[in-house]
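Okay, here's what each chain looks like letter by letter:
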Amino acid sequence: MNLSYWWWKILGVLLFTYVLTRGLLTPLKPGIEDVSPNRAQAGKSLSLNIIGYNTNYTKGKNTVYIKNIDSFYITSQAVQVIDDQRLNAQFSIPLFLPTKQSLSQFSIIVSSNFDGTSIIPSKLILHQDSINQEQAQLLWLSSKPNFTIINKYHFPYRNILYETIRNTFFHVSLWFAMFALLAASVFNSIQFLRKNDLNYDFKANAQVRTGILFGILGLLTGSLWAKYTWGSWWTNDIKLNMAALSMLIYMSYLIIRAGIEDLDKRARISASYNVFALVAIIPLIFILPRLMDSLHPGNGGNPAFGSEDMDNALRLVFYPAVISFILLGFWIADLVFRIQVLENKTEDPNNY
Amino acid sequence: MNELLALWRRDLLNEWRNFYQLGGLLAFLSGVCYLIYFFGGKIDLQEWSLLYWLTYLFLSFFIGARVYEDDHTKYRFFFHQLVHPQNLFLSKLIYVFCFLLLINLISLFLFTLFIPVIHVDWMNWMILCLILNIGMSNLICFSSLLNTNIQNSTLFLTILILPLSFPLLGVAYSASIGILEGQSIVSNISKFQLILGIDLITFALAIVLLPQLLRN
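Our subject in this report is the structure included herewith. (Residues numbered from 1 in each chain as written. Chains lettered and ligands numbered in written order. Predicted model: local features only at pLDDT ≥ 70, side-chain atom pairs only at ≥ 80, totals over all residues.)

1. What to know about the packing of helix α4 (residues 198-229) of chain A against helix α5 (residues 238-259) of chain A
In helix packing, the relevant descriptors are the interaxial angle and the interaxial distance, both defined with respect to the helix axes.
All names here are of chain A.
Okay, step 1: One can describe the packing of α4 onto α5 by two numbers: an axis separation of 10 Å at closest approach and a directional angle of 150°. The angle between α4 and α5 falls in the class roughly antiparallel. Relative to α5, α4 is oriented so that their crossing is left-handed. In contact with N205, V208, G211, I212, G215, I216, L219 and G222 of α4, α5 contributes L240, A243, A244, M247, Y250, Y253 and R257.
Okay, step 2: Its residues placed into classes, the contact of α4 with α5 shows ten nonpolar, four polar and one charged. (Axes fitted to C-alpha atoms, helices over the stretch in contact; angles between N-to-C directions. Helix = DSSP H or I, 4+ residues; strand = E, 2+ residues; numbered from the N terminus. Parallel < 35°, antiparallel > 145°, perpendicular 65-115°, else oblique. Left-handed = near helix turned anticlockwise from the far one by under 90°. Contact = placed C-beta atoms within 7 Å. Nonpolar A, V, L, I, M, F, W, Y, C, P; charged D, E, K, R; others polar.)

The following block contains the structure:
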């Protein structure tokens, strides 16, 4: 076996296997799925029911905290464990809240010496009849409690994403691979225009076709994700629609190729169109969504790949996923290219 | 320069001689505006802007279908002996640019007449049209040239122009809403710069790729 020829294909398969196993089998960090009730009155006692996700409440000692945005805490008076996923915490809410408003949002934190610390942000709304911040600061803890930190390898828990966070490895990586393939196809189109060698045209065509396949898979995985997190298979989100439109641009590339019989003419015109097409999709996918509001991270002011979206545990699988999809994409494109060359030889043996 | 001017004048003369085509275009535009007025009722700024650019897009298909209609079929060899193909392309570019600008002016007049919105800053609107038309005329001419090399059908031209023009029209639509809402040109400057950037890139690409398209 010639390793210098095969190494990148082997690497692609190995990385893809790693992404599949590690990406699908690593559990999510324990989190809080829901709390009830989510409204309470200051100065009264509160019995809070907590539903956990991937938690093991029976296996550890649990403490529950209520926290406001300025980091003032109160600790639960008693915690009753119902099962691994359910807790009941008793609180005595002080008469005054450490805020200037009568209504304020609070987060719930569960610290367990088995699962570590989990939080559900801004889930509880507390109401106070009168405001006295000085008094409130005496009644609430101003120093951060000692939360238990457990260093296990977990993917982050996000309330609307749950297990679909794993789709990052497929959905985003497919787009990266698509762009790599399209960029390579433009390179080959330019090479064809410079050297007039039909092999470059076949390569560009194979890469565009594989790029379109990856783009459609990116749209499908995105649509699936949208249904789970946003509640609809398709939304008016700018990035989603611009991505679909960019696929249309490349569909036109295929139509152009299908419309021309003459090999050289087809190659020249489609190569020219291909260069134009990539230039057209850059503003569609990278610039327009940044000018408008979008649900996607990295657009409309949202951070992309920030610590809120991606932690180091995800990065450890995400980057190999991007590399593996790019390598697999080029492998598929290489196979398509070879099929085209063979087809061309069969049709007209004088071409080679 | 003289060659360019002569070609441009020839296109203008040709247009004048086939005035019925321009008349058809104006009739279409007036008809669309009247239909929107009649059936649309009171529409908001976003709908107004969307309809304006959609009408513009349909008219650009119509213009695109005629750019190389004769010059690349009937008179091809004749022209290629007389003028450089690049000059022919540039003259078409200037001609389409002027034609699109005229369409913009007439559309704006008819739209404001039939479907009055709160306020249209004509100056800002025309600056937007001016920079948009640089890129659009370039795309139309380039797509039209591609089309004559393929099958020379309007359907093909539509397939070529529609997706490629969307980045330009998308930004123009977004900027036009800002103008209709009374924003100053400064607040839309990033969108204008983006359109100019796309104009520049598409123009450079067209000039670079043109010799490849005309090689045979």
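2. What to know about the sheet that holds strand β8 (residues 103-112) of chain A
Residue and element names in this part refer to chain A.
Okay, step 1: Strand order across the open sheet formed by five strands is β2-β9-β8-β4-β5, with mixed pairing between neighbours. The open sheet has two free edges, formed respectively by β2 (39-41) and β5 (73-75), since each of these has just one partner strand. Recorded for the sheet is a direction-independent mean angle of 35° between the axes of neighbouring strands.
Okay, step 2: Across three bridges, the pairing between β2 and strand β9 (residues 116-127) is parallel. The residue of β9 that forms the bridge with R39 is I125. (Pairing = 2+ DSSP bridges.)

3. Details of helix α8 (residues 189-213) of chain B
Okay, step 1: Taking 1.5 Å of rise per residue, the 25 residues of α8(B) would be expected to cover 36 Å, and the 35 Å separating its terminal C-alpha atoms lies within 8% of that figure.
Okay, step 2: The sharpest bend along α8(B) reaches about 30° and sits at B:I207, with the proline B:P211 one to four residues further on.
Okay, step 3: Among all positions of α8(B), only B:K191, B:F192, B:L194, B:I195, B:I198, B:D199, B:T202, B:A206, B:L209 and B:L213 are buried.
Okay, step 4: Where α8(B) is buried, its residues meet α6 (263-291) of chain A together with α6 (122-150) and α7 (154-180) of chain B. (Expected span 1.5 Å × (residues − 1). Bend = angle between axes of the 7 residues up to and from the residue. Buried ≥ 20, exposed ≤ 12 C-beta atoms within 10 Å, placed from the backbone.)

4. So, the pairing of strand β3 (residues 45-53) of chain A
Residues and elements named next belong to chain A.
Okay, step 1: Residues L46, L48, I50 and G52 line the buried face of β3, whereas the alternating positions S45, S47, N49, I51 and Y53 sit on a face that is not buried.
Okay, step 2: In terms of strand pairing, β3 meets strand β7 (residues 86-92) through seven bridges, oriented antiparallel. By the bridge assignment for β7, I50 is matched with L87.

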